[in-house]
Amino acid sequence: MRYLILSAALLAAPALAHDRAADPAEPVSADRLRNDVETMVSFGTRHTLSSLDDPERGIGAALDWGRTEFEEASAACGGCLDVSFVEREMSGRRIPEPVLIRNAIAIQRGSERPNEVVIIQGHIDSRVSDVMNAEADAPGANDNASGSALVLEAARTLSQNDYPTTIVYALLMGEEQGLYGANLLADYAMEQGWTVKAVLNNDVVGGSCGSDGVCDAEHVRVFSEGVRADADEDTRGRMRSLGGSNDSPSRNLSRFLDQLAEGEPTGLDVRQTWRSDRMGRGGDHLPFLDRGFPAVRLSVAIEDYEHQHQDLRTEDGVTYGDTVDEIDFNYLADVTRLNVRAADLLARTPMPPVVQSDGIVRPDVLLEWEPVEGAVRYNIWRRRTDERDWTLRDTLRADPGADLNSIVLAPDRGDDWIFGVSSVAADGAESPVSSAVPGGQFYPLPVDSAE
Ligand SMILES: [Zn+2]
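Computed from a predicted model, the values in this text were never measured in an experiment. (Residues numbered from 1 in each chain as written. Predicted model: local features only at pLDDT ≥ 70, side-chain atom pairs only at ≥ 80, totals over all residues. Heavy atoms only, no water.)

Draft legend 1. How the structure looks around the coordination of the zinc ion. The zinc ion binds to the protein through His123 (NE2), Asp143 (OD), Asp203 (OD) and Asp203 (OD), with metal-donor distances spanning 2.0 to 2.7 Å. Around the zinc ion, the four donor atoms are arranged such that angles at the metal cover 52 to 146 degrees; this shape is classified as irregular. Binding-site remark: the zinc ion is held by donors from one chain whose sequence spacing is H-x19-D-x59-D. Note that His123 is positioned in strand β3 (residues 113-123) and Asp143 in helix α3 (residues 141-158), a separation of 20 residues in sequence. This pair shows no difference in class: His123 is buried, exactly as Asp143 is. (Donors = N, O, S within 2.8 Å, 3.2 Å for Na, K, Ca; no water. Tetrahedral: all angles 85-135°; square planar, octahedral: opposite > 155°, others 65-115°. Helix = DSSP H or I, 4+ residues; strand = E, 2+ residues; numbered from the N terminus. Buried < 20%, exposed > 50% of the residue type's maximum accessible area, 1.4 Å probe, protein only.)

Draft legend 2. Structural context of the side chain of Thr273. Take Thr273: it is sitting in strand β7 (residues 269-273). For Thr273, a relative accessible area of 16% gives the class buried. Every residue in contact with Thr273, bar those within four places of it in the chain, is listed here: Arg221, Val222, Phe223 and Ser224. (Contact = heavy atoms within 4.5 Å.)

Draft legend 3. Molecular detail of a nonpolar patch on the surface. A grouping of Leu242, Ile360 and Val361 is seen on the molecular surface, where their side chains present a nonpolar patch of about 310 Å² in accessible area. Under the relative-accessibility criterion, Val361 is labelled exposed at 82%. (Patch = residues over 30% accessible without salt bridge, like charges linked within 9 Å, V, L, I, M, F, W, Y side chains within 5 Å. Areas by Shrake-Rupley, 256 points an atom, 1.4 Å probe, with all protein chains shown as cover. Salt bridge = Lys/Arg side-chain N within 4 Å of Asp/Glu carboxyl O.)

Draft legend 4. Focus on the sheet that holds β3. If you trace the eight strands from one edge of the open sheet to the other, you get β1-β2-β4-β3-β5-β8-β6-β7, paired in mixed fashion. Both edges of this open sheet fall to β1 (81-92) and β7, since each of them pairs with a single strand only. The mean angle between the axes of side-by-side strands here comes to 25 degrees, regardless of whether they run parallel or antiparallel. Contacting β1, β2 (95-108) and β4 (165-172), helix α2 (residues 59-75) crosses the sheet at an angle of about 160 degrees to β1. Each of β2, β3, β4 and β5 (195-202) is contacted by α3, which is oriented at about 145 degrees to β3, the strand it contacts most. (Pairing = 2+ DSSP bridges. Axes fitted to C-alpha atoms, helices over the stretch in contact; angles between N-to-C directions.)

Draft legend 5. The packing of helix α7 (residues 249-262) against helix α9 (residues 329-346), seen in detail. Closest axis-to-axis distance for the α7/α9 pair is 10 Å, and the angle between their directions is 115 degrees. Relative to α9, the element α7 lies roughly perpendicular. Between α7 and α9 the crossing geometry is right-handed. Mapping the contact onto sequence places Leu253, Phe256, Leu257, Leu260 and Ala261 in α7 and Leu338, Arg341, Ala342, Leu345 and Leu346 in α9. Among the residues forming the contact of α7 with α9, the class breakdown is nine nonpolar, no polar and one charged. (Parallel < 35°, antiparallel > 145°, perpendicular 65-115°, else oblique. Left-handed = near helix turned anticlockwise from the far one by under 90°. Nonpolar A, V, L, I, M, F, W, Y, C, P; charged D, E, K, R; others polar.)

Draft legend 6. Representation of the state of the cysteines. Under the counting rule described, the total for this entry stands at two disulfides. Bridging Cys77 to Cys80, the disulfide has an S-S length of 2.0 Å. A torsion of -90 degrees about the S-S bond marks the disulfide between Cys77 and Cys80 as left-handed. Judged by its relative accessible area of 18%, Cys77 falls in the buried class. Note on Cys80: relative accessible area 25%, which makes it partly exposed. (Disulfide = S-S within 2.5 Å.)

Draft legend 7. Main features of the sheet that holds strand β17 (residues 434-435). Read from one edge of the open sheet, four strands run β14-β13-β16-β17, paired in antiparallel fashion. A strand with exactly one partner marks an edge of an open sheet, and here the two such strands are β14 (391-397) and β17. Relative to β17, strand β16 (residues 417-424) runs antiparallel, the two sharing two bridges. Each residue of the ladder has a partner; that of Gly420, found in β17, is Ser435.

See the structure below:
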């Protein structure tokens, strides 16, 4: 017998999102976030084509400062962070002459499966109306000193704990010129052979009101892609036949964040936004999606177009520019807390399994998946094909002797449901759900997927 078929052993225990009593986001400080944003604004501009060497003004000074903040966080945890610059000379659209693209990163290595990586990132560069203007003051308070401050505060907070898997904190350069720093970090992840479990890209996360007076300090938008960017013709063909247009790992990461936020009544609610990014625009999660890594963008519920990508000026009584006075630091603290809780959980969960399913012309559904390192049980989830959220269907205890897990679901019909499986660690930390459809796995394609 090639593999052991497990019986569908139902456990009495309900699924728990996480068992930790203490809130890992408790230390997050709105005052520190304000200090960090003000410090970044004080560098005048953080334009990618500004000076890398000037100690006071420009992108280089900002990156040096960010690196020092990472090093101070590391000193506070006994040297638990590997801090470095990841850099490469790059040119292209909006970078006519080659410049050194430099990211400041800090790696908090996991104690059990250091190759599994969660990335919290934000771009530190800024711009004004003319994307090529490297001279003018470009405070970039919301876009994106807010996300950069969030990354630093997450590093300070999460580095107080130990995790079985790795967390990477990254300040990225070159976003406004064309996602250069994110491409560099995504390449770096591939070179390192990282298994990227999730990328949380934070870009414009510090405002709660738009220029039209509409305000919302209760929600954060999470942007996720539908059909995964790395799906080839073969995968798209199988999606057309078997489903999967709404079940990329990015989409399931969005559902995961939404569920996590709902479990924290005092925190922000997630508004799942089911498109890769804002209309016609992009962000630093896209290079990761291109390479098949699960990634989402977090951004404010209400965007203020008069205070982003604008020259500092007053016109007809309207003040333009991305300045500190437009930032809602309590809101930024709330988005930071959501990131910290999410990374705390994701760094403790096993990888979501790669699930195969068979429900074709049969009155039940067969799910199969290989064992996942660190999983003590698996939760089986289902949704009606037109539903947003997963519902728990079954729980299966992991059998350490099996080399394939299997469960038959009856009287469910495969045509009527989408199924998925999550992995649960011994401490109760549960992974995002991996959908049993082509392209559902949390790994770059091609990996043998649901048939
Ligand atoms: Zn931005």
